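Coordinate analysis (summary)
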Amino acid sequence: MGSREEELKGLGADFTFGFIQMMDGEKDPRNLLVAFRIVRDLIAKNYALGPFVEELFEVTSCYFPIDFTPPPNDPHGIQREDLILSLRAVLASTPQFAEFLLPLLIEKMDSDLQSAKLDSLQTLTACCAIYGQKELQEFLPSLWSSLRREVFQTASEKVEAECLAALHALSACLSRSVLSSDTEDLLDSFLSSILQDCRHHLCEPDMKLVWPSAKLLQAAAGASLRAYHRITCTVLPLLLEQYTKHPQSSQRRTILEMFLGFLELQQKWGLVEEDESTLLSLRASVCSVVFSALTDPSVQLQLVGIRALTVLGSLQGFLSPSDLELVVDHLIRLALHEDSQSSEAAMEAAGSLAPIYPKVFSGHMVPRLEEELQSGRSEREEESSHDHCSLQQRCLQALAAVSTHTSIVKETVPVLLQHLRKVQKGNAAGNTQGMVSVCQSLHRVALQCQQDDDGCWYYHQTVVPCLLAMAVQAAMQESAHPLLGKALIEEEVLAAMVPVISAATTHLSPELAAQSVSHVVPLFLDGEVSFLPQNSFPCSFQPFEDGECFDTQRRLIALLMAFVCSLPCNVAIPQQERLLRELLALSCSCNCPFTATTAAKCFAGLVNKHPAGQQLDEILQLAVNRMEPSLVEGPRRMQALTLLLWVTKALVLRYHPLSSHLTDKLLSLLNDVELGPAAADGFSLLMAEPPDVLHKGCHADVRIMFRQRFFTSNVPKLVQGFHGAGPDVKANYLKGLSHVLNHLPKPVLVTELPTLLSLLLEALSCSDRVVQLSTLSCLQPLLLEAPQIMSLHVDTLVTKFLSLTSSPTMAVRIAALRCAHALTSLPAAVLLPYKARVIRALAKPLDDKKRLVRKEAVAARGEWFLLGSPGR
């Protein structure tokens with residue numbers, strides 16, 4: 001057929017008849033796949049079928065629905081789904097089969113077998129793509145009857161979903177038909193049948209069949225604009241009437257959810273400014289119902305109302321200016337004063353609607369939120385301090401949520417920065433948390449600005465200099481006025497400012513980033529403060545200078561790290577070599593762990609992106625020369641270890657040759673009694689993705705499969721070191737190993753499991769809770785993904801897991817119970833000898849004092865009770 005098409009077609013219908021005879025009675029699934037493909041080609045390439053259309057249909061449809069289970073270890077790999085899809089492609093390939101196929105599909109829809117129902121419904125959906133009004137006309141009543149019955153009666157979500165898809169396809173097929181003056185409008189009569197059978201259910205007091213009816217109506221209405229108008233002109237007024245008739249919030253929520261389904265369909269076509277648009281004619285009633293839902297005491301009804309409001313707002317031109325002002329009033333009230341669920345939903349809705357109506361939100365919502373934010377406690381004497389802080393926090397969150405358009409960002413960012421200054425000047429104990437809240441809101445705004453170049457640059461040049469100026473001011477004043485602005489330079493606040501500056505920098509264009517870096521780096525290296533707003537400082541800014549008086553200034557290295565480590569790789573950093581040397585010196589000599597760590601991270605972030613060459617080699621050699629003596633002895637061994645970890649990570653990510661030497665150094669430290677535990681935890685840092693530096697989001701050089709490469713190079717050394725280590729440091733090797741395995745992609749881990757499982761089981765006996773927890777979290781997915789290998793060690797696994805369910809650490813108890821639960825995925829024959837023992841042992845954690853532990857115990861014990869039951 002591929003090379004002699006013309007000759008075969010010359011045989012006419014004789015060729016088709018001959019093929020039918022040859023295919024008749026075929027049973028081998030390999031041959032059937034080929035035969036189905038040939039039938040599809042016969043039809044698609046217009047071979048002559050002659051009088052044999054029904055015979056061709058019969059010889060293929062006799063296999064419908066496919067009932068095939070591939071034999072175990074089948075070398076051909078033919079699956080049931082392959083045959084189903086191949087046969088469906090044949091049956092749905094031509095309208096000529098319609099008169100034979102549709103009765104067959106209706107018969108199989110009435111079958112008791114769910115697989116037959118699903119196959120029939122999916123085939124019907126596929127056929128609707130090529131059928132027309134003529135093919136369907138005779139069978140529409142029967143098809144609708146079967147679909148309606150299944151949706152009303154089925155307990156299967158899959159069957160219901162396929163019924164609705166088939167009804168949608170039928171409605172779409174009829175919508176495509178071109179009407180002539182003398183033909184019946186089948187779409188109209190079909191939809192009339194659906195309305196007749198469903199509309200009365202929407203009015204029933206018990207509301208039993210409300211949802212099935214609504215789903216059927218929405219499936220048909222969603223097929224075309226014509227179908228949508230035909231159904232909504234009847235249903236929408238009816239739903240609004242029912243909403244008014246039912247006073248209970250639960251019933252109103254159901255009705256409004258149905259109404260929302262039709263509103264969401266309207267979004268597909270937008271608002272049509274024509275008389276036929278039912279929604280426009282009901283504008284006043286719709287707004288009244290939605291606004292009443294927003295003021296209802298029921299949180300669930302409020303949530304549906306907020307979703308409906310969001311959809312209405314997305315329909316340009318539906319809401320009048322006065323409606324929009326009312327929308328803003330409701331959203332502010334919900335965001336600030338209602339339940340947390342309603343508050344979050346209102347903020348999300350404001351964020352969705354703000355880009356559509358930027359003037360309304362910047363002109364009405366932002367000033368109102370600013371007023372609420374600035375209102376002092378004296379005006380709210382009846383409120384507790386906690387309530388006031390909670391209200392301020394919601395104001396901050398709402399300001400951030402609504403900042404989804406550049407024009408609004410230009411209004412909200414100054415408000416947030418002004419509030420940060422106000423909190424900084426206060427002396428209240430809650431200043432730290434207040435500043436963290438402002439920074440979290442600023443971070444959200446930064447993320448929302450990243451995709452808009454103008455908004456991103458405005459945000460960066462407004463926020464970054466302001467934060468730096470406030471931090472520098474606070475650092476300089478701490479010695480003279482210890483209480484004034486001290487909160488701003490606390491570690492918690494600086495840590496909250498880091499993601500703000502980072503998010504404001506990562507998406508800058510190289511030209512703008514170069515412009516910004518030319519100011520920020522000289523600020524830290526030379527004290528050049530001229531670009532900062534309000535730059536009249538009492539003394540010079542010298543964070544890299546020696547002396548206790550500069551300790552506070554050094555903390556601001558965290559902000560430098562946030563900026564320079566987020567720059568695109570192609571942005572040149574001025575005085576980079578000098579900056580690297582200063583950071584190296586500070587990370588090794590500073591007594592403050594926070595400062596030393598941020599300096600080490602900043603150094604590592606720059607080294608990771610530094611172009612290869614002599615300059616990089618020299619700075620790395622300098623770092624090694626500083627680290628190695630400090631690791632051997634001295635008061636700053638921990639600082640040296642921190643630097644070693646971050647530099648090693650920076651080099652491991654980019655496959656630098658020196659990473660092997662530094663990793664070996666780290667492995668040797670596992671034998672150190674003092675640094676060994678911290679070095680073991682460092683393997684987690686090497687494998688994980690840190691939130692602030694050395695990840696792809698901040699343009700770090702991260703090579704693919706670096707974790708697999710690290711595993712291959714270093715796990716054998718960890719295993720060897722464990723076997724040769726003394727009893728007092730063995731736990732360090734186990735901890736390091738469990739950290740590496742825990743971050744490894746599971747498919748890789750499964751392949752290495754046979755050689756490592758004995759060590760993992762030994763790690764469960766370790767007294768270190770971090771080792772236990774890490775190992776349990778590593779084993780749990782392996783029980784699901786490698787049951788055959790794990791089954792070989794079931795006795796040990798059961799014993800270890802049950803023992804750890806009595807651990808004094810709650811997290812370990814929970815992890816052990818989850819592993820005991822996961823054990824039930826192993827073959828039942830392996831587990832049945834342990835069933836009674838496990839059920840007895842799991843009775844104890846049912847009485848655990850912690851609810852989360854009891855919850856896991858119930859789930860695990862329930863699965864063990866069901867083990868070996870029929871159908872499991």
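Residues numbered from 1 in each chain as written. Predicted model: local features only at pLDDT ≥ 70, side-chain atom pairs only at ≥ 80, totals over all residues. Heavy atoms only, no water.

Turning to the overall build of the chain, a few remarks are in order. Along its length, the chain carries 44 helices and 0 strands. Each principal axis of the C-alpha distribution contributes one length, and for the chain these read about 100 × 70 × 65 Å. Within the span of the chain, comprising 872 residues, buried residues form 53% of the whole. Partitioning the contacts of the chain with sequence separation of at least 6, the portion at a separation of at least 24 is 73%. (Helix = DSSP H or I, 4+ residues; strand = E, 2+ residues; numbered from the N terminus. Buried < 20%, exposed > 50% of the residue type's maximum accessible area, 1.4 Å probe, protein only. Contact = heavy atoms within 4.5 Å.)

Moving on to the environment of F262. Here F262 lies in helix α14 (residues 249–269). F262 sits 502 residues away from L764 along the chain, and the two C-alpha atoms are 56 Å apart. Those residues in contact with F262 that lie beyond four places of it in its chain are A214, L217, Q218, A221, Y228, I231, T232, V235, L236 and L239.

Taken as a whole, this structure holds 7 aromatic pairs when the rule is applied. Consider the rings of F15 and Y47, whose centres lie 5.7 Å apart with planes at 35°: the pair is tilted. Pair noted here: F15 is in helix α2 (residues 13–23) and Y47 is in the loop between α3 (29–44) and α4 (53–61), with a separation of 32 residues, a long-range link. With a relative accessible area of 6%, Y47 lands in the buried category. For K9, the ring lying beneath its charged end belongs to Y47, and the centroid distance is 5.4 Å. Here the basic side chain of R283 rests over the ring of F318, its NZ or CZ set 5.6 Å away from the ring centre. (Phe/Tyr/Trp six-rings, centres within 6.5 Å; stacked < 30°, edge-to-face > 60°. Lys NZ or Arg CZ within 6 Å of the ring centre and 35° of its normal.)

A few words now on unusual backbone geometry. Cis geometry marks the peptide bond from F64 to P65, where omega comes out at -5°. Within the fold, P65 resides in the loop between α4 and α5 (80–91). With a phi angle near 60°, N46 is a residue other than glycine that sits in the positive phi range. Looking at the element boundaries, N46 is found in the loop between α3 and α4. For N46, a relative accessible area of 64% corresponds to the exposed category.

Before going further, it helps to spend a moment on the confidence of the model for the chain. In the predicted model, the chain carries a mean pLDDT of 88, and 94% of its residues have values of at least 70. Looking across the chain, the model is least confident in helix α15 (residues 278–281), with a mean pLDDT of 79, and most confident in helix α28 (residues 557–564), with 95. The low-confidence segment residues 377–383, where pLDDT is below 50, has 8 contacts with residues more than four positions distant or belonging to other chains. (pLDDT = per-residue confidence, 0-100.)

In an α-helix, one turn spans 3.6 residues, which is why side chains three or four residues apart end up on the same side. With 17 residues, helix α32 (residues 637–653) should cover 24 Å at 1.5 Å per step; its first-to-last C-alpha distance of 24 Å lies within 8% of that length. Of all 17 residues in α32, 16 are buried; the element is thus mostly enclosed. Residue Y655 follows α32 closely and has a positive phi angle near 60°. (Expected span 1.5 Å × (residues − 1).)

For α14, with 21 residues, the first-to-last C-alpha span of 31 Å sits near the 30 Å given by 1.5 Å per residue. Where α14 terminates, the next one or two residues include G270, which has phi positive at roughly 75°.

Looking now at the pattern of salt bridges. Taken as a whole and assessed by the stated rule, the structure comprises 23 salt bridges. A salt bridge links D692 to K601, with the nearest nitrogen and oxygen atoms 2.6 Å apart. Of this pair, D692 sits in the loop between α34 (676–687) and α35 (706–724) while K601 sits in helix α30 (residues 593–609), placing them 91 residues apart in sequence. For the pair D692 and K601, a shared accessibility class is recorded, and that class is buried. Via salt bridges that share partners, D110, K117, R149 and E150 belong to a single interconnected network. (Salt bridge = Lys/Arg side-chain N within 4 Å of Asp/Glu carboxyl O.)

Here we come to the packing of helix α9 (residues 140–153) against helix α12 (residues 210–221). Where α9 meets α12, the axes come as close as 9 Å, and the angle between the chain directions of the two elements is 140°. Considering the angle they form, α9 stands oblique to α12. The handedness of the crossing between α9 and α12 comes out as right-handed. Residue-level contacts link W144, R148, V151 and F152 of α9 to P212, S213 and L216 of α12. Grouping the constituent residues of the contact of α9 with α12 by class yields 5 nonpolar, 1 polar and 1 charged. (Axes fitted to C-alpha atoms, helices over the stretch in contact; angles between N-to-C directions. Parallel < 35°, antiparallel > 145°, perpendicular 65-115°, else oblique. Left-handed = near helix turned anticlockwise from the far one by under 90°. Nonpolar A, V, L, I, M, F, W, Y, C, P; charged D, E, K, R; others polar.)

Turning our attention to the side chain of K108. Considering the arrangement of structural elements, one finds K108 in helix α6 (residues 98–109). Despite its burial, K108 remains without a salt bridge, the nearest opposite charge being carried by E107 at 4.1 Å. Ignoring any residue separated from it by four or fewer positions in sequence, one finds K108 in contact with F64, P65, A116, K117 and S120. (Lys, Arg positive; Asp, Glu negative; His and termini not counted.)

So, on to the packing of helix α18 (residues 321–337) against helix α20 (residues 358–374). α20 packs onto α18 with a crossing angle of 30° between their chain directions and a minimal axis gap of 10 Å. One element, α18, and the other, α20, form an angle in the roughly parallel class. The hand of the α18/α20 crossing is right-handed. Contact residues: α18 offers L324, E325, V328, D329, L331, I332, L336 and H337, while α20 offers V360, F361, H364, M365, R368, L369 and E372. Tallied by class, the residues present in the contact of α18 with α20 amount to 9 nonpolar, 2 polar and 4 charged.

Together, E54, E55, E58, E99 and E138 make up a negatively charged patch on the protein surface. Examining the composition of the negative patch, we find that 3 residues originate from one element, α4, more than from any other. Tracing the sequence through the fold places E58 in helix α4. (Patch = residues over 30% accessible without salt bridge, like charges linked within 9 Å, V, L, I, M, F, W, Y side chains within 5 Å. Areas by Shrake-Rupley, 256 points an atom, 1.4 Å probe, with all protein chains shown as cover. Charge placed at Lys NZ, Arg CZ, Asp CG, Glu CD.)

Turning our eyes to something else, we now look at the environment of E762. Its location among the elements puts E762 in helix α37 (residues 746–763). We classify E762 as partly exposed; its relative accessible area is 40%. Considering only alpha carbons, one finds E762 and L606, 156 residues apart in sequence, at a separation of 40 Å. Those residues in contact with E762 that sit more than four places away from it in its chain are F722 and L734.

The next subject is the state of the cysteines. Tallied over the full model, the rule gives 0 disulfides. Take C128: it sits in no disulfide, and the sulfur closest to it among the cysteines is that of C173, at 5.2 Å. Taking the relative accessible area as the measure of exposure, C128 reaches 2% and is therefore buried. (Disulfide = S-S within 2.5 Å.)

Summarising the element assignment, P237 is placed in helix α13 (residues 225–245). Given the relative accessible area of 31%, P237 is considered partly exposed. Residues P237 and T505, 268 residues apart in the sequence, show an inter-C-alpha distance of 52 Å. Excluding its chain neighbours within four sequence positions, the residues that come into contact with P237 are T232, T278 and L282.

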